[in-house]
Amino acid sequence: MIKIISDSTCDLSKELVERYDIEVIPLHILLGENDFEDGFGITPDEIYRWADENKAVPKTAACNQEYVKQVFEKYLEQGMEIICFSISSQMSSTYNVMRLVAQLLGGESKISVIDSASLSTGVGLQVVEAAEMARQGKSRSEIVAHIEAIKPLVSASFVVDTLTYLHRGGRCSGVSAMLGSTLKIHPQINVEEGKMHPSRKYRGRMSHVIASYVEDQKEALQNARKERVFITHSGCEQEIIDSLRDQLKAMNHFDEIFVTRAGCVISSHCGPGTLGVLYIAQK
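Treat the numbers as computed from the prediction; the structure is a model and nothing was measured.

What follows covers the overall build of the protein. Assigned secondary structure in the protein consists of 11 helices and 13 strands. Going through the 283 residues of the protein one by one, you find that 53% of them count as buried. Put simply, 75% of the contacts in the protein that link residues at least 6 apart link residues at least 24 apart. A total accessible area of about 12,900 Å² is found for the protein, and carbon and sulfur atoms account for 46% of it. For the protein, the distance from the average position of its 30 positive side-chain charges to the average position of its 37 negative side-chain charges is 3 Å.

Now the structure itself:
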């Protein structure tokens, strides 16, 4: 049997984690002297309040090596093989932590650690794909080869409401140049080759921005694989989310449309009001 594991940046809902029996390893959020595990003891909205009160953005840290070791050992002792996913190695040292633990356990013949080269449900799309293949009885090598082949087809993009978090976090080149604009800009951020890059620039109310963002992607969305699409947000008005879901439903293209709330780590870097549409393109 194969166990699918992911770090917490996959941003999959509790429903999907349970549906596919996925083990989630938390990254860490540092608010001053306080250290929280992603998904435990703190919420994104509490992080935003802390950031406003302290005029700062939180720091994040990779998963704990000892925690990863305990998780890997648990499934190896059950005679299972492991496929473990991490956020892009360009954005976090989590991939290196997981790979090092696999080496220390001498379990590389039973453990595959995959650098997703993505973030949020861009990771989640790969995790679900692997979990479905594992249920179909595919081997670890078959699953890994397939995931490596589809990684370039994963489309992960989002529109941000505020540039403050991305700018202070320093993980998205090109954002600083937009800060001096007298008109509020909502850039589209694309994840390409494991890094974040700004592309289109939108202005106006977020409801109009999101509608334009989806309209600009319509052709690409029609070329997406039909199985699923994710609407992932870091805290948006329900009206905006519902309108976007209606836009996607009207396309009559996707079998399942999932709405997920980004976890604490992703929210710490993109800030409130961020929303993205994530999918896998057809070859």
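To find the voids left in a structure, one rolls a probe of water-molecule size over its atoms. Taken as a whole, the largest pocket spans an internal volume of roughly 490 Å³. Taken together, the elements giving at least two residues each to the lining of the largest pocket come down to α1 (14-19), β2 (23-25) and β12 (256-261). Partitioning the lining of the largest pocket into residue classes produces 12 nonpolar, 5 polar and 6 charged. The dominant element in the lining of the second largest pocket, judged by the number of residues it contributes, is helix α11 (residues 264-270), at 4 residues. Residues of the lining of the second largest pocket, tallied by class, amount to 15 nonpolar, 10 polar and 1 charged.

All right, on to the state of the cysteines then. This structure, assessed with the given rule, holds 0 disulfides. The thiol of Cys-236 is unpaired, and the distance to the nearest cysteine sulfur, on Cys-270, comes to 8.9 Å. Cys-270 provides the cysteine sulfur closest to Cys-264, a residue in no disulfide bond, and the two sulfurs are 11 Å apart.

Strand order across the open sheet formed by 6 strands is β10-β9-β8-β13-β11-β12, with mixed pairing between neighbours. Two strands bound the open sheet, and with one partner strand each, they are β10 (195-203) and β12. Taken over all neighbouring pairs, the strand axes of this sheet differ in orientation by 20° on average, direction set aside. For strand β11 (residues 228-233) and β12, the ladder comprises 6 bridges, and the chain directions are parallel. Bridged to His-233 within β12 is Arg-261.

Take the packing of helix α5 (residues 121-135) against helix α6 (residues 140-150) next. Two elements in contact, α5 and α6, have axes whose closest approach is 10 Å; the angle formed by their N-to-C orientations is 150°. Between α5 and α6, the crossing angle belongs to the class labelled roughly antiparallel. Crossing handedness for the pair α5 and α6: right-handed. On α6, the residues touching Gln-126, Glu-129, Ala-130, Met-133 and Ala-134 of α5 are Glu-142, Ile-143, His-146, Ile-147 and Ile-150. Here the residues of the contact of α5 with α6 sort into 6 nonpolar, 2 polar and 2 charged.

The next thing to look at is the environment of Gly-204. Positionally, Gly-204 belongs in the loop between β10 and α8 (206-216). C-alpha separation for the pair Gly-204 and Ile-185, spaced 19 residues apart in sequence, amounts to 7.8 Å. With near-sequence residues (within four places) excluded, Gly-204 lies in contact with Lys-184, His-186 and Val-209.

On to the nonpolar core, then. Note on soluble globular proteins: their nonpolar side chains tend to be buried together. Ranked by size, the top nonpolar core spans 40 residues in total, and within it Ile-4, Leu-12, Ile-83, Phe-85 and Leu-119 carry the most contacts. Sort the elements by how many residues they give to this core and α5 lands first, with 7 residues. Tyr-202, Val-209, Ile-210 and Leu-275 belong to the second largest nonpolar core, which has 21 residues in total.

With that out of the way, let us pick up the packing of α8 against helix α10 (residues 238-250). Two numbers describe how α8 lies on α10: the axes approach to 10 Å, and their chain directions differ by 20°. The orientation of α8 with respect to α10, classified from their angle, is roughly parallel. Considering how the two elements wind past one another, α8 and α10 form a crossing that is right-handed. On α10, the residues that touch Met-206, Ser-207, Ile-210, Ala-211, Val-214 and Glu-215 of α8 are Ile-240, Leu-244, Gln-247 and Leu-248. Split by residue class, the contact of α8 with α10 holds 7 nonpolar, 2 polar and 1 charged.

Before going further, it helps to spend a moment on the pairing of strand β8 (residues 154-159). For β8, the buried fraction is high: 6 of the 6 residues fall into the buried class. Across the two faces of β8 the burial is the same, with Val-154, Ala-156 and Phe-158 and Ser-155, Ser-157 and Val-159 all buried. By the bridge criterion, 6 bridges tie β8 to strand β13 (residues 275-280) in an arrangement that is antiparallel. Note that in β13 the partner of Ala-156 across the bridge is Leu-278. Of the strand pairs in this sheet, β8 and strand β9 (residues 185-192) are connected by 3 bridges, and their pairing is antiparallel.

What counts as what
Residues numbered from 1 in each chain as written. Predicted model: local features only at pLDDT ≥ 70, side-chain atom pairs only at ≥ 80, totals over all residues. Heavy atoms only, no water. Helix = DSSP H or I, 4+ residues; strand = E, 2+ residues; numbered from the N terminus. Buried < 20%, exposed > 50% of the residue type's maximum accessible area, 1.4 Å probe, protein only. Contact = heavy atoms within 4.5 Å. Areas by Shrake-Rupley, 256 points an atom, 1.4 Å probe, with all protein chains shown as cover. Lys, Arg positive; Asp, Glu negative; His and termini not counted. Charge placed at Lys NZ, Arg CZ, Asp CG, Glu CD. 1 Å grid on protein atoms, 1.4 Å probe; cavity = no way out; pocket = protein on both sides within 12 Å on 5 of 7 lines; lining within 4 Å. Points joined across faces, edges and corners; volume = space filled by probe spheres on them. Nonpolar A, V, L, I, M, F, W, Y, C, P; charged D, E, K, R; others polar. Disulfide = S-S within 2.5 Å. Pairing = 2+ DSSP bridges. Axes fitted to C-alpha atoms, helices over the stretch in contact; angles between N-to-C directions. Parallel < 35°, antiparallel > 145°, perpendicular 65-115°, else oblique. Left-handed = near helix turned anticlockwise from the far one by under 90°. Core = buried A, V, L, I, M, F, W, Y, C linked by side-chain atoms within 4.5 Å.

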